[in-house]
Each structure stands twice: as structure tokens, then as C-alpha cells.
Amino acid sequence: MKTKFIFVTGGVVSSIGKGLAAASLGALLEARGLRVTLQKLDPYINVDPGTMSPFQHGEVFVTDDGAETDLDLGHYERYTNARLSRKSNFTTGQVYFSVIEKERRGDYLGGTVQVIPHITDEIKSKIIDNAKGADIAIVEVGGTVGDIESLPFLEAIRQFRADRGAGNVLYLHVTLVPYIKTAGELKSKPTQHSVKELQEIGIQPDILLCRSEQELPRELRAKIALFCNVAEKSVIPSADAEHIYAVPLALHREGLDEEVVDKLNIWAKAPDLGPWQEVVAKLRNPAHGEVRIGIVGKYVNLADSYKSLNEALVHGGIANDCRVTLFLIDAEKIELEGVGPLEEFDAILVPGGFGERGSEGKIKAIEFARTRNIPFFGICLGMQMAVVEYARNVCGLTDACSSEFKPDSAHPVIHLMEEQKSVSRKGGTMRLGAYPCTLLKGSFAQKAYGSLDISERHRHRYEFNNGYRDLLTGKGLLLSGINREGDLVEIVEVPGHPWFLGCQFHPEFKSKPLNPHPLFRAFVAAALENKGKSVKSEV
Ligand code: GLN
């Protein structure tokens, strides 16, 4: 089948769930047996989001091939089986970068280089390149229709229909239908305006996805259809769902995937949504109650900065048929006020992060988990802090530290490796993307994965210092995962503890609701077990 393209744009306001809509549509089309790929086009000028603050932008999502990308790609991978790569996300900055490079090389043979056709051609070629091998390419245009910066993207996707033929290209516009309290009504005017804006650019949307807090009444659906020049059945209501994983089912009920395959003339089987129904049923009515997990971190003010992590923990709950409730604890508060607030949790997690702020609080939290037999999961910086804690409190190296925080530490148990030291530039010096790792038989890790060879994604600069291996293992620390090629320690564990594991990689990037990550499954299982114990001891 020749690849067909679905372009997803957004209107009225940002943050109405365009990424989730694109991902959910991908899930529905996959459930119909189609091969799907997804892509996000970002209108900002940064060449990649790797250097952007998580305060502004939420999490940096990492692909297998080591691209630091927009967090929407996380949604895409969680909802579908699409294997995303650095081609799956590009920014205005990257487009201009390649066009300017070509101009400098003389590729344009002295011609005048312009937004149309040079920038738009570059955009189109990046879209086509990513779509190879897929039945359907879903392409989300970031930002909101009407923004100056997204105009070249919209022009490029407008040209697609002429280039590829009407039956091969579909425009899906996601808008907001706000509820106005004083009028007691949902209002369609903003949708009309944003569609008008698209039409002015030359794009007539085929399907409108109308986000609203409440059910969209039939008459309003008819009115939107009339004013926006689409069929009534192409106006798909999307009221707020009880859970993000209920969105594919809700959109299916409203007829979204039916309308898409119809309009693109695709013969596809009815979707098998059994696995999604099972996920939603468990989220709604978990058989084993709730576990409470404390996440001791730094970016506690912005939920999006730990997006994949939060989702992976929810998936761990799905795997154990329990509800996982997360509590974000400010590491600096633990540093100043002590570990008291941690008493109420069934398990503790220290996530990834950069910079010294809060690190002593994290170390205190880890000591608390280790000595009180509370299940502990340390990810990346969390693993590094677990090594520091062990070196200080078990091996007696009281001034052990990571050289990220103390470059002249007497015991840099976490450090930069020799070959990294010469690299001083900040951008692009990290270990990024997928690396293989070999597990030790009988370890927590190997039991969780059920295999000896794994591959996980990295995003960090510092490493476990092999000079301290003998000392740390002599005092009982288990190095249960090793990257053989670089002889790098990837996983540490405390044997004899109910569950204490730190990993240098970011397992959360590979967890999905339909396929929860083994480490999160095992961690939540340990939390559930621990909860059982404390309930018993209270009786
Ligand atoms: N700051 C640490 C490093 O660069 C950990 C990074 C992380 O947690 N992602 O190695």
C-alpha cells in the first residue's frame, strides 16, 4: 500500500491534547492492522530540545538512536508500536540549518533561496523520509494555527494534497469548544474562526476533533459542520476522558477511525480494542487497591518534566492490577527538614536529573529506603546517588561524591571517564540512546526482565567509577548489569533488601500501557508487597 498521510493541526489554544489525539489515532489504526508511523514538527528555532529547560518544555524524550526530542514522541511510542528515531521530530531550526548548509555548499546553483519552495521542499522531504515503509504517517504540526512561525509548515502540508492526490492525504484539525459559564453553553465560534484561518491558507480540514469539557450536543455538532464546511459525521466530539488511556476507546466510539479509513479509502479490518479495554478496566477498578510512591526529585513543580516516568509507574500499576498514586517530594525539603515525609510511602523512587541542588536530600532519602527496607528504584542520577550513599554509609568513604558536584572530590565514585574529560562543550557530549547491557543471573534485574541481554536508553554524562568496584562490591553492592563493550556499570543492587535497584539508563522511555516495563512491574510489585507488610504490622 502506498503511504497515506494524516496531518494533525491545532486551533484556538495550545495544550488541548493534539499529541494525545495523534497518538490515540495511531493506536486505533494499528488495532486495525495498519503499519503506522508518527512525526512531530516543532515551529520553534532551537535545533533540538536537548538544551531547553524542563521547566519550560517538560521532559526531553530520548529515542533509541539517541535523539533528544519533544515529549509528544513519548506519547506516540506509548500508544503505538512505531519505532521512532531522530527523523520523527524536527524543528524550524533544523529545517533552516539544512537549507543554509545546502546554500553554503552551492547546492542551489546561485538561485535565490526562499521560504517557498526551498524551506517548504525541505519540510516535505523530511516528512516523506520519515514515512518510508508505513501504511499511514501521522504528522502533528506543533503550535496553533495562526502562529507566524508555523506558516511554512502549514504551506508545506497544504502542498502535500496536490503532490500526493486527495485520497492519500487527510487533514485533521483539533480545536477547543469552550464552555462559557455565564452563558451556560458550549461555544463553537473559536472553532469556526480557527477553521477559517486554515481555509485562508488553503487547507480545508476533512475532520474536526472538538475538545470540550462536556458532551457536544447534536445541534452544536451540526452547526460546526455547517459553518466549517465538513460533514456532520466528520465533526468528532472529544470530551475530557477519565484517563488518558481511555482516549483511543472514546475516539473510536465517536467514529474517528471509521471516518479516517473511509476518507482515505483504506480497506481495514474492524479494530481489536480488547487490550485497551483491559487497560481501562484495570485503571478504573484495580483488584489490589492502591500503592503510594514517593518521588524525591528537583523539578517538582512541573508534572510534565517527569512525564514518561509518571506514565511508566502507572503502567507498573496496570501490570500489578493496582492503582499507583505518586507524590512528588522536593529533595531540598528532605535536605532541610529530614526524611519524615517519606514514612507514609510504600516505595521510594529517585529519578534522573542534573545539578547539585537537592542531591543531599536525595542521598538521605536513599539511605532511609535502604536501611528501612523500603523498595527503592534509582534512575540515572538516582542510581548515581545510590552509589554515593553506599560508598559513604556502608564503605565509610564519608566524602564520596559525584564529580558532577565536586570536581575535586577525594572519592569521586561517580565521575567523567578519561576520554570524556577532553570534551568540554556542553551540547552533544552525553551518552545518548540505546546501549546493550548484560544482566547477572538471579539478580532483581534479571528476574524482572526474564532474560540476560537487554537494551535500554541513556541520557547522561557521568559514569560509575570502576576504580571503586572492588571496594563497593566487597561491601556487598551487586553490580548486576554491565555494558560489556565499554565495561560500564549499568545497574547496581543491594542484595537481601526487599527490592533496591539503581540503573544508569532510563527504562521509563520504553514502557507502554499495553506492555509495561519489567523494572516498573517489579518495583510496583515490591511496593505492593511492602504495603501488605505494613498493613499486617498495624493490625
Ligand atoms: N547528571 C547526571 C549525568 O549527567 C545524571 C543525568 C540523568 O539523570 N539523566 O550523568
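Treat the numbers as computed from the prediction; the structure is a model and nothing was measured. (Residues numbered from 1 in each chain as written. Predicted model: local features only at pLDDT ≥ 70, side-chain atom pairs only at ≥ 80, totals over all residues. Heavy atoms only, no water.)

Draft legend 1. The overall build of the protein chain, seen in detail. Looking only at helices and strands, one finds 19 helices and 23 strands in the protein chain. The C-alpha radius of gyration computed for the protein chain amounts to 25 Å, which stays within 12% of the reference 24 Å derived for 539 residues, consistent with globular compactness. The C-alpha extent of the protein chain, read off along each of the three principal axes, is 75 × 65 × 45 Å. Pairs at least 24 residues apart make up 74% of the contacts formed inside the protein chain by residues separated by at least 6 positions. Accessible surface computed for the protein chain: about 22,600 Å², of which carbon and sulfur atoms make up 50%. Taken together, the 63 basic and 70 acidic charged side chains of the protein chain have centroids lying 2 Å from each other. (Helix = DSSP H or I, 4+ residues; strand = E, 2+ residues; numbered from the N terminus. Rg over C-alpha atoms; globule rule 2.2 N^0.38 Å. Contact = heavy atoms within 4.5 Å. Areas by Shrake-Rupley, 256 points an atom, 1.4 Å probe, with all protein chains shown as cover. Lys, Arg positive; Asp, Glu negative; His and termini not counted. Charge placed at Lys NZ, Arg CZ, Asp CG, Glu CD.)

Draft legend 2. Local environment of the pattern of salt bridges. Counted according to the given criterion, the structure contains 38 salt bridges. A salt bridge links Asp-64 to Arg-83; the nearest nitrogen and oxygen atoms lie 3.2 Å apart. Taken together, the residues Asp-64 in the loop between strand S3 (61–62) and strand S4 (68–69) and Arg-83 in the loop between helix H3 (72–79) and strand S5 (89–91) connect sequence positions 19 residues apart. The exposure class assigned to Arg-83 is exposed, which follows from its relative accessible area of 67%. As a salt-bridge pair, Asp-163 and Lys-124 come within 2.8 Å of each other at their nearest N and O atoms. In this pair, Asp-163 is assigned in helix H6 (residues 151–164) and Lys-124 in helix H5 (residues 115–131), connecting sequence segments 39 residues apart. Several salt bridges share partner residues, and in doing so they unite Lys-40, Asp-42, Asp-70 and Asp-72 into one network. (Salt bridge = Lys/Arg side-chain N within 4 Å of Asp/Glu carboxyl O. Buried < 20%, exposed > 50% of the residue type's maximum accessible area, 1.4 Å probe, protein only.)

Draft legend 3. Summary view of helix H8 (residues 218–228). By the burial criterion, the buried members of H8 are Leu-220, Arg-221, Ile-224, Ala-225 and Cys-228. Taken end-on, H8 shows its buried residues confined to a sector of 140°, consistent with a single buried face. Among the exposed residues of H8, those oriented more than 90 degrees off its buried face are Arg-218, Glu-219 and Leu-226. Packed against the buried residues of H8 are strand S9 (185–186), helix H7 (189–201), strand S10 (207–212) and strand S11 (235–239). Following H8 by one or two positions, Asn-229 has its phi on the positive side, about 65°. (Arc of directions from axis to C-beta.)

Draft legend 4. Structural context of the packing of aromatic side chains. Counted under the stated rule, the structure contains 16 aromatic pairs. Ring plane angle 90° and centroid distance 5.5 Å describe the contact between Phe-377 and Trp-499, whose orientation is recorded as edge-to-face. Taken as a pair, Phe-377 in strand S15 (residues 376–379) and Trp-499 in the loop between strand S22 (488–493) and strand S23 (500–503) lie far apart in primary sequence, 122 residues in all. Comparing Phe-377 with Trp-499, the two get one shared label, buried. Taken together, the ring pairs connect Phe-377, Phe-444, Trp-499, Phe-520 and Phe-523 into an aromatic cluster. Cation over ring: Lys-126 sits above Phe-90, and NZ or CZ is 5.9 Å from the ring centre. Directly above the ring of Tyr-435 sits Arg-431, whose terminal nitrogen or CZ lies 4.7 Å from the centroid. (Phe/Tyr/Trp six-rings, centres within 6.5 Å; stacked < 30°, edge-to-face > 60°. Lys NZ or Arg CZ within 6 Å of the ring centre and 35° of its normal.)

Draft legend 5. How the structure looks around the site of the ligand. Every residue near the ligand is listed here: Gly-352, Gly-353, Phe-354, Cys-380, Leu-381, Gln-384, Glu-404, Arg-459, His-460, Arg-461, Tyr-462 and His-506. In this structure, an oxygen atom belonging to the ligand sits 2.9 Å away from a main-chain N or O atom of Gly-353. Between the ligand and His-506, the relevant distance is 3.1 Å, taken from a nitrogen atom to a side-chain nitrogen or oxygen of the residue. Notes on the ligand: free accessible area 300 Å², of which the protein chains cover 99%. (Near = heavy atom within 4 Å. Polar contact = N/O pair within 3.5 Å; in protein donor to acceptor, adjacent residues only side chain to side chain.)

Draft legend 6. Structural context of the nonpolar core. In this structure, Ile-6, Leu-29, Ile-136, Ile-138, Leu-172 and Leu-256 are the most contacted members of the largest nonpolar core, which totals 49 residues. For this core, the element with the highest residue contribution is helix H1 (residues 18–31), accounting for nine residues. Formed by 42 residues, the second largest nonpolar core is a distinct cluster that contains Ile-334, Val-350, Ile-374 and Tyr-390. (Core = buried A, V, L, I, M, F, W, Y, C linked by side-chain atoms within 4.5 Å.)

Draft legend 7. Spotlight on the sheet that holds S10. Taken together, seven strands build an open sheet; the order of strands is S5-S2-S6-S1-S7-S10-S11 and the sheet is parallel. If you trace the sheet from one side to the other, it starts and ends with S5 and S11, each paired once. The sheet shows a mean angle of 20° between the axes of neighbouring strands, direction not considered. Here strand S7 (residues 169–176) runs beside S10; their pairing, made up of five bridges, is parallel. Across the sheet, residue Val-174 finds its bridge partner in S10, namely Leu-209. Each of strand S2 (36–42) and S5 touches helix H4 (residues 92–105); the most contacted strand, S5, lies at about 75° to it. The strands touched by H5 are strand S1 (4–10), S2, S5 and strand S6 (136–141); relative to S2, the strand with the most contacts, the crossing angle is about 155°. (Pairing = 2+ DSSP bridges. Axes fitted to C-alpha atoms, helices over the stretch in contact; angles between N-to-C directions.)

Draft legend 8. Representation of the pairing of strand S18 (residues 431–439) within the structure. As paired strands, S18 and strand S19 (residues 453–460) are joined by eight bridges and run antiparallel to one another. Each residue of the ladder has a partner; that of Arg-431, found in S19, is His-460. Examined bridge by bridge, S18 and strand S21 (residues 478–483) share two bridges and lie antiparallel to one another. Bridging from a neighbouring strand, Thr-438 pairs with Ile-482 of S21.

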